[in-house]
Amino acid sequence: MGEMHYTGMQLGVIGALFLSVASSVSIVICNKALMSNLGFPFATTLTSWHLTVTFCTLHAAQKLNFFETKSVDMKTVMLFGILNGVSIGLLNLSLGFNSVGFYQMTKLAIIPFTVLLETLFLKKQFSQNIKFSLFLLLIGVGIASITDLQLNLLGTVLSALAIITTCVGQILTNTIQKRLNVSSTQLLYQSAPFQAAILFVSGPIVDQCLTKQNVFAFKYSTIVLVFIVLSCLIAVSVNFSTFLVIGKTSPVTYQVLGHLKTCLVLGFGYTLLHDPFTSRNIVGILVAIFGMGLYSYFCTQENKKKQSIDLSVSQIKDKEAALLLGGKNMGSQDKESQQDNKKLNRDPIV
């Protein structure tokens, strides 16, 4: 039974990872066409629409009894939703005020900072093998994606704030689900309105600051509206799979998956969109994939070891319980036999 349960969990994790990769790569390609080819540059406002459609979709699913809501402390959910919304806005500002290379460095810094926070505050232990595989992954992605590094004070401050809020938000996504025993769907359903609200208010301001254009003055053609609707529909899957992956695995695993998406997007960009591709990109992607493979292997081995230890502990507890019950049964049988003997001694002999 334990092995069947473990296999079922593994299949669930694989399904969540596949859904996350497929939906994320799809939305990147869709948004690239929307922003680069159709000239719609309002990324933060678009994200607020994504979250609004996600909430509406989940609300309809809840009304149709696809999942049950679970009451969670409103203050916790509100702060969590606002934190995630601020994180998205800061990442977009970081991209706007930094070079692409420095923005990629910001994304790379999320993994080691997450490891540091989980080690310090959650007392989580990361083996040397895991740390080595993460180091290889970061080196590979850095080689493949970082082209230029231009520093400025405002951009550096925004990047630091984006790293902190992103790490804390993703750690909370995992922690809230496990400690409050809520599913990824339940948490997303309750936090999405607050994320959407903060971005709906701040999005046009952030986009105005970054693009010098007004989202409400933009001329929306039919093809632009079609791609916006398509992007919002794909975003439902992206948001759902994000919470699902972090809940089933960990924030670090989700970031590793994010870098796999980066490698896939670079590959798709070269094959489908004919983006420039060099030997440096190829070497970096290969090193990154090797690091991801090692990370996956080491995680699997450690999970199996933990599973076997948990199974052994549960078997020992079952044996102890059986012995305890056996002892009680023997004791009751002895008492019954003693009572029978006393009864025989009292009965007269005929």
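What counts and what doesn't
Residues numbered from 1 in each chain as written. Predicted model: local features only at pLDDT ≥ 70, side-chain atom pairs only at ≥ 80, totals over all residues. Heavy atoms only, no water. Helix = DSSP H or I, 4+ residues; strand = E, 2+ residues; numbered from the N terminus. Buried < 20%, exposed > 50% of the residue type's maximum accessible area, 1.4 Å probe, protein only. Polar contact = N/O pair within 3.5 Å; in protein donor to acceptor, adjacent residues only side chain to side chain. Contact = heavy atoms within 4.5 Å. Phe/Tyr/Trp six-rings, centres within 6.5 Å; stacked < 30°, edge-to-face > 60°. UniProt positions renumbered as here; feature names shortened; annotations may be inferred. Patch = residues over 30% accessible without salt bridge, like charges linked within 9 Å, V, L, I, M, F, W, Y side chains within 5 Å. Areas by Shrake-Rupley, 256 points an atom, 1.4 Å probe, with all protein chains shown as cover. Salt bridge = Lys/Arg side-chain N within 4 Å of Asp/Glu carboxyl O. Axes fitted to C-alpha atoms, helices over the stretch in contact; angles between N-to-C directions. Parallel < 35°, antiparallel > 145°, perpendicular 65-115°, else oblique. Left-handed = near helix turned anticlockwise from the far one by under 90°. Nonpolar A, V, L, I, M, F, W, Y, C, P; charged D, E, K, R; others polar.

## Things to note about the side chain of Asn-174
Residue placement: Asn-174 occurs in helix 6 (residues 153-179). Residue classification places Asn-174 among the buried positions, given a relative accessible area of 10%. A polar contact of 2.7 Å, which involves the side chain of Asn-174, links it to the backbone oxygen of Ile-246. When residues no more than four places from it in sequence are discounted, the contact partners of Asn-174 are Ile-246, Gly-247, Thr-249, Ser-250 and Pro-251.

## Notes on the packing of aromatic side chains
Applying the stated criterion to the full structure yields 10 aromatic pairs. When the centroid spacing of 5.1 Å and the interplanar angle of 80° are considered together, the rings of Phe-40 and Phe-42 count as edge-to-face. No difference in accessibility class separates Phe-40 from Phe-42, as the two residues are buried. An aromatic cluster of at least three residues, connected via ring pairs, comprises Phe-40, Phe-42, Trp-49, Phe-218 and Tyr-220.

## Quick look at the UniProt feature "transmembrane region" (unreviewed entry) in the protein chain
According to UniProt, the "transmembrane region" (unreviewed entry) feature falls on residues 40-61, 77-95, 129-147, 153-175, 218-240 and 279-298. Taken end to end, residues 77-95 is 100% helix and 0% strand, and its first and last C-alpha atoms sit 27 Å apart. Along residues 279-298, the helical share is 100% and the strand share 0%, with 29 Å between the first and last C-alpha atoms.

## A short note on a nonpolar patch on the surface
Residues Met-74, Met-78, Ile-82 and Val-86 make up a contiguous nonpolar surface patch of about 290 Å² in total accessible area. Residue Val-86 is classed as partly exposed on the basis of its relative accessible area, which comes to 33%.

## A short note on the packing of helix 6 against helix 8 (residues 222-248)
One way to put it is that helix 6 packs onto helix 8 with a least axis distance of 8 Å and a crossing angle of 70°. By the angle between their axes, helix 6 is roughly perpendicular relative to helix 8. In this structure, helix 6 crosses over helix 8, and the sense of that crossing is right-handed. Residues Gln-170, Thr-173, Asn-174, Gln-177 and Lys-178 of helix 6 form the contact with helix 8, whose own contacting residues are Phe-243, Ile-246 and Gly-247. Grouping the constituent residues of the contact of helix 6 with helix 8 by class yields two nonpolar, five polar and one charged.

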